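Single-letter residue listing:
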Amino acid sequence: MPIGNKNSKIAGLGTHHIAVQTQDYEASIAFYTEVMGMEQAVEFSAGGRRIALLDIGDGSHLELFEPLPGTSPCGDATGNVVFHFALTTSDIEPALERVRAAGMEITVELKTVDLGPLNVSIAFFKGPGGEVVELFQVNN
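The rules behind these values
Residues numbered from 1 in each chain as written. Predicted model: local features only at pLDDT ≥ 70, side-chain atom pairs only at ≥ 80, totals over all residues. Heavy atoms only, no water. Phe/Tyr/Trp six-rings, centres within 6.5 Å; stacked < 30°, edge-to-face > 60°. Buried < 20%, exposed > 50% of the residue type's maximum accessible area, 1.4 Å probe, protein only. Helix = DSSP H or I, 4+ residues; strand = E, 2+ residues; numbered from the N terminus. Polar contact = N/O pair within 3.5 Å; in protein donor to acceptor, adjacent residues only side chain to side chain. Pairing = 2+ DSSP bridges. Axes fitted to C-alpha atoms, helices over the stretch in contact; angles between N-to-C directions. Contact = heavy atoms within 4.5 Å. Salt bridge = Lys/Arg side-chain N within 4 Å of Asp/Glu carboxyl O.

Asks: An account of the packing of aromatic side chains is requested, with residue identities and associated values reported.
Replies: Enumeration according to the criterion identifies 2 aromatic pairs in this entry. Both rings, one in Phe31 and one in Tyr32, keep their centres 4.9 Å apart while their planes meet at 80°; by these two values the pair is edge-to-face. Classification of Phe31 as buried rests on a relative accessible area of 5%. An aromatic cluster is defined as three or more aromatic residues linked by ring pairs; in this entry it consists of Phe31, Tyr32 and Phe125.

Structural data, given as structure tokens:
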């Protein structure tokens, strides 16, 4: 599927970032940079906590929030407004094996799904803070 903006309602609409509340800020930074290959674009502080913006590699970003001081970090789907987020890849099998080798829990093993005009391969795993991440590959 060609990459390009096909939105006729809002010019240039796309994903800039997905914000995730971490349980362990350092562990999340390490996982997303060392295992997933993202690059830290910027780190700043706001509201008494650190926030990092990681470049996913396609111009979109993952924003990681350190837990607020003195609070319990959000750790399960009932307290998290992000159901899951999907990261696209052109080679899903080695991506999934990197995640597995890093010790992440695979919640849905690799499978092929027919979505009408799209045939895709998907797999899901839990990130270091319990966030659910989908790997998504469009098959030709």
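Asks: Quick one: what's the story with helix H1 (residues 25–35), residue by residue and with numbers?
Replies: The periodicity of an α-helix, 3.6 residues per turn, causes residues three or four places apart in sequence to face the same way. Among the residues of H1, Tyr25, Ser28, Ile29, Phe31, Tyr32 and Val35 are the ones counted as buried. Looking at where H1 begins, the residue whose side-chain oxygen comes 3.2 Å from the main-chain nitrogen of Glu26 is Asp24. Downstream of H1 by one or two residues, Gly37 has phi in the positive range, about 80°.

Asks: Requested: an account of the sheet that holds strand E1 (residues 17–21), with residues and values cited.
Replies: The strand order E1-E4-E3-E2 describes an open sheet built from 4 strands, whose pairing is mixed. Strands with a single pairing partner mark the edges of an open sheet, and in this sheet they are E1 and strand E2 (39–46). Neighbour-to-neighbour, the strand axes of the sheet open up by a mean angle of 20°, direction not taken into account. The sheet contact formed by E1 and strand E4 (residues 61–65) spans 5 bridges and is parallel. If you follow Ala19 over to E4, its bridge partner there is Glu63. On the sheet, H1 packs against E2, strand E3 (49–55) and E4 and is oriented at approximately 5° with respect to E3.

Asks: Can you explain the environment of Tyr25? Please cite residues and give values.
Replies: Along the chain, Tyr25 falls in helix H1. Taking the relative accessible area as the measure of exposure, Tyr25 reaches 3% and is therefore buried. Of note is the side chain of Tyr25, whose polar atom sits 2.6 Å from the side chain of Glu43.

Asks: Let's hear about the pattern of salt bridges: which residues, and what values?
Replies: This model, assessed by the stated rule, comprises 5 salt bridges. Here Glu26 and Arg50 are joined by a salt bridge, their closest N and O atoms 2.4 Å apart. Taken together, the residues Glu26 in helix H1 and Arg50 in strand E3 connect sequence positions 24 residues apart. Classification of Arg50 as partly exposed rests on a relative accessible area of 27%. Of the charged contacts in the structure, one is a salt bridge between Lys126 and Glu105, with a shortest N-O distance of 4.0 Å. With Lys126 in strand E7 (residues 118–126) and Glu105 in the loop between helix H2 (92–101) and strand E6 (106–115), the pair connects residues that are 21 residues apart, well separated along the chain. In this structure Glu105 comes out as partly exposed when scored by relative accessible area, which is 45%.

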